[in-house]
Amino acid sequence: MSDDRVFVRSKWGTNRYVYNAANPIGMALIIGSLLFAAAGMFFLYHPDLFKGGWDGADLRKAVSGATAELSAEKMLGPGGDSGLYGDVLKQKINEHGHGPEDAVKVVLASKPAESDLWSGGLEKASYTVSARGTGTALCLRVSAMRKAKAMGYDSVDFTVDDGAC
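What counts and what doesn't
- Residues numbered from 1 in each chain as written.
- Predicted model: local features only at pLDDT ≥ 70, side-chain atom pairs only at ≥ 80, totals over all residues.
- Heavy atoms only, no water.
- Helix = DSSP H or I, 4+ residues; strand = E, 2+ residues; numbered from the N terminus.
- Expected span 1.5 Å × (residues − 1).
- Polar contact = N/O pair within 3.5 Å; in protein donor to acceptor, adjacent residues only side chain to side chain.
- Disulfide = S-S within 2.5 Å.
- Salt bridge = Lys/Arg side-chain N within 4 Å of Asp/Glu carboxyl O.
- Buried < 20%, exposed > 50% of the residue type's maximum accessible area, 1.4 Å probe, protein only.

Asks: Account for helix α1 (residues 24–45), naming residues and giving values.
Replies: In this model α1 runs 32 Å from its N-terminal to its C-terminal C-alpha over 22 residues, within 8% of the 32 Å that 1.5 Å per residue would give. Here α1 starts with a cap whose side-chain oxygen sits 2.9 Å from the backbone nitrogen of I25, and that cap is N23.

In structure tokens, the structure reads:
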């Protein structure tokens, strides 16, 4: 039997054909199969790899959409949620944008908002919003008027300025 064939019968007790490692084409197929499987596993666990980053206009548009939605809902405000309002902002920005979700960064730039469920009052906080792929940073200021002894808010207002807070 000669080693010039690309496929040969397995010597491991099965009747299957396998790549012939002695043939240069068979060796290339073996290496190619391993590289293809490794690349497939890598891209399976990194699905946002080719989405790139955000651009400044898309980030502004996503922030505008997210703030409009949160302002209309009037159910969430910056206080009384153990500092999780930044995560809510990040989630809403990702819903309104087209970039990779892990690229958006929302950082509290002021002291945490104080909330008093029983007497109500004004809650204020500032957040710096940025995203990978853009040099744009936005200062997002939120002020919410809490209803006394009720769930929700009378009003939730946002201002967005260029630059970090």
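Picking up where we left off.
Asks: Hey, could you go over the state of the cysteines for me, with residue numbers and the actual values?
Replies: Two cysteines form a disulfide when their sulfur atoms are joined by a covalent bond. One pass over the full model with this rule turns up 1 disulfide. Covalently, C139 is tied to C165 through a disulfide, its sulfur atoms 1.9 Å apart. Between C139 and C165 the disulfide shows an S-S torsion of about 110°. By sign, it is right-handed. Separated by 26 residues along the polypeptide, C139 in strand β5 (residues 137–146) and C165 in the segment after β6 (153–162) bring together distant segments of the chain.

Asks: Outline the pattern of salt bridges, listing residues and values.
Replies: Using the criterion set out here, one finds 7 salt bridges in the structure. Here D162 makes a salt bridge to R60, at a shortest N to O gap of 3.1 Å. Remark: R60 occurs in helix α2 (residues 56–73) and D162 occurs in strand β6; sequence separation between them is 102 residues. Take D162: its relative accessible area is 59%, and that puts it in the exposed class. Overall, R60 belongs to the partly exposed group, its relative accessible area being 34%. Among the ionic pairs, R141 bridges to D161, the shortest N-O distance being 2.7 Å. Taken together, the residues span a long stretch of sequence, with R141 in strand β5 and D161 in strand β6 at a distance of 20 residues.

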